[in-house]
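Coordinate analysis (summary)
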Amino acid sequence: MTDQTLDRVFSTLGDSRRRLVCRHLARTDEHVVSVGELSAFVDDARTERSSATSDDRQSRIATRLYHVHLPALDDADIVDYDAKNESVAIDSAFPIAVDLLQSVDDRPERPDGVPTID
């Protein structure tokens, strides 16, 4: 692993939504997940922080995932984001990202295993 790769992964994981995407991908047995599934997971983890309706919240989350977070994760080679098929799979830097997240993963989780965000 090069310093450049490590810097890119650290920088990309600076956003809590991107970390949630990685946590979800690490926990699923699926090789490819839909953007809709990721949107629902992020929405569920962030629900307590927003008073917006579920549809509005999830729509905003999906838009940010499509246009900001998934392209950033893709650029860092953490995920392979296929915008046309609205799917996400792990990529070459994903194991590094998961190792980093596991080394600092002291965030509380809800009883159903979903991580919470401060």
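First things first, this report covers the structure right here in the doc. Here the structure is a predicted model, which means the values were calculated and not measured.

Looking now at the overall build of the protein chain. In terms of helices and strands, the protein chain carries five helices and three strands. Relative to its 118 residues, the protein chain shows a buried fraction of 43%. Partitioning the intrachain contacts of the protein chain with sequence separation of at least 6 by distance along the chain shows that 59% fall at a separation of at least 24. If you sum the accessible surface of the protein chain, you get close to 6700 Å²; carbon and sulfur atoms cover 45% of it.

Between helix α2 (residues 16–27) and helix α4 (residues 54–75), the least distance of the axes is 10 Å, while the angle of their chain directions is 65°. In terms of their interaxial angle, α2 and α4 are classed as roughly perpendicular. Viewed along their axes, α2 and α4 form a crossing whose handedness is right-handed. Packed against α2, whose contacting residues are Arg17, Arg18, Val21 and Cys22, the element α4 presents Leu65, Val68, His69, Leu70, Ala72 and Leu73 at the interface. Within the contact of α2 with α4, the residues separate by chemical class into seven nonpolar, one polar and two charged.

To continue, consider the environment of Tyr81. By secondary structure assignment, the location of Tyr81 is in strand β2 (residues 79–82). Residue Tyr81 is classed as buried on the basis of its relative accessible area of 12%. In this structure the C-alpha to C-alpha distance between Tyr81 and Val33, which are 48 residues apart in sequence, comes to 9.9 Å. A polar side-chain atom of Tyr81 sits 3.3 Å from the main-chain carbonyl oxygen of Tyr66.

Let us look at the packing of α2 against helix α5 (residues 94–104). The interhelical angle for the contact between α2 and α5, taken along N-to-C directions, is 105°, at an axis separation of 10 Å. Taken together, the axis directions place α2 and α5 in an arrangement best described as roughly perpendicular. Residues Arg19, Cys22, Arg23, Leu25 and Ala26 of α2 form the contact with α5, whose participating residues are Phe94, Ala97, Val98 and Leu101. Considering only residue class, the contact of α2 with α5 consists of seven nonpolar, no polar and two charged.

Time to look at the side chain of His69. Positionally, His69 belongs in helix α4. Here Arg18 takes part through its side chain, which lies 3.2 Å from a polar atom of the side chain of His69.

Of the two faces of β2, the one lined by Val79 and Tyr81 is fully buried and the one lined by Asp80 and Asp82 carries no buried residue. As defined by bridge partners, β2 adjoins strand β3 (residues 87–90) across four bridges and the pair is classed as antiparallel. Residue Val79 lies in a different strand from β3, and its bridge partner there is Ile90. Between β2 and β3, which pair antiparallel and follow one another directly, the connecting turn spans four residues, one of which, Glu86, has a positive phi of 50°.

Analysis parameters
- Residues numbered from 1 in each chain as written.
- Predicted model: local features only at pLDDT ≥ 70, side-chain atom pairs only at ≥ 80, totals over all residues.
- Heavy atoms only, no water.
- Helix = DSSP H or I, 4+ residues; strand = E, 2+ residues; numbered from the N terminus.
- Buried < 20%, exposed > 50% of the residue type's maximum accessible area, 1.4 Å probe, protein only.
- Contact = heavy atoms within 4.5 Å.
- Areas by Shrake-Rupley, 256 points an atom, 1.4 Å probe, with all protein chains shown as cover.
- Axes fitted to C-alpha atoms, helices over the stretch in contact; angles between N-to-C directions.
- Parallel < 35°, antiparallel > 145°, perpendicular 65-115°, else oblique.
- Left-handed = near helix turned anticlockwise from the far one by under 90°.
- Nonpolar A, V, L, I, M, F, W, Y, C, P; charged D, E, K, R; others polar.
- Polar contact = N/O pair within 3.5 Å; in protein donor to acceptor, adjacent residues only side chain to side chain.
- Pairing = 2+ DSSP bridges.

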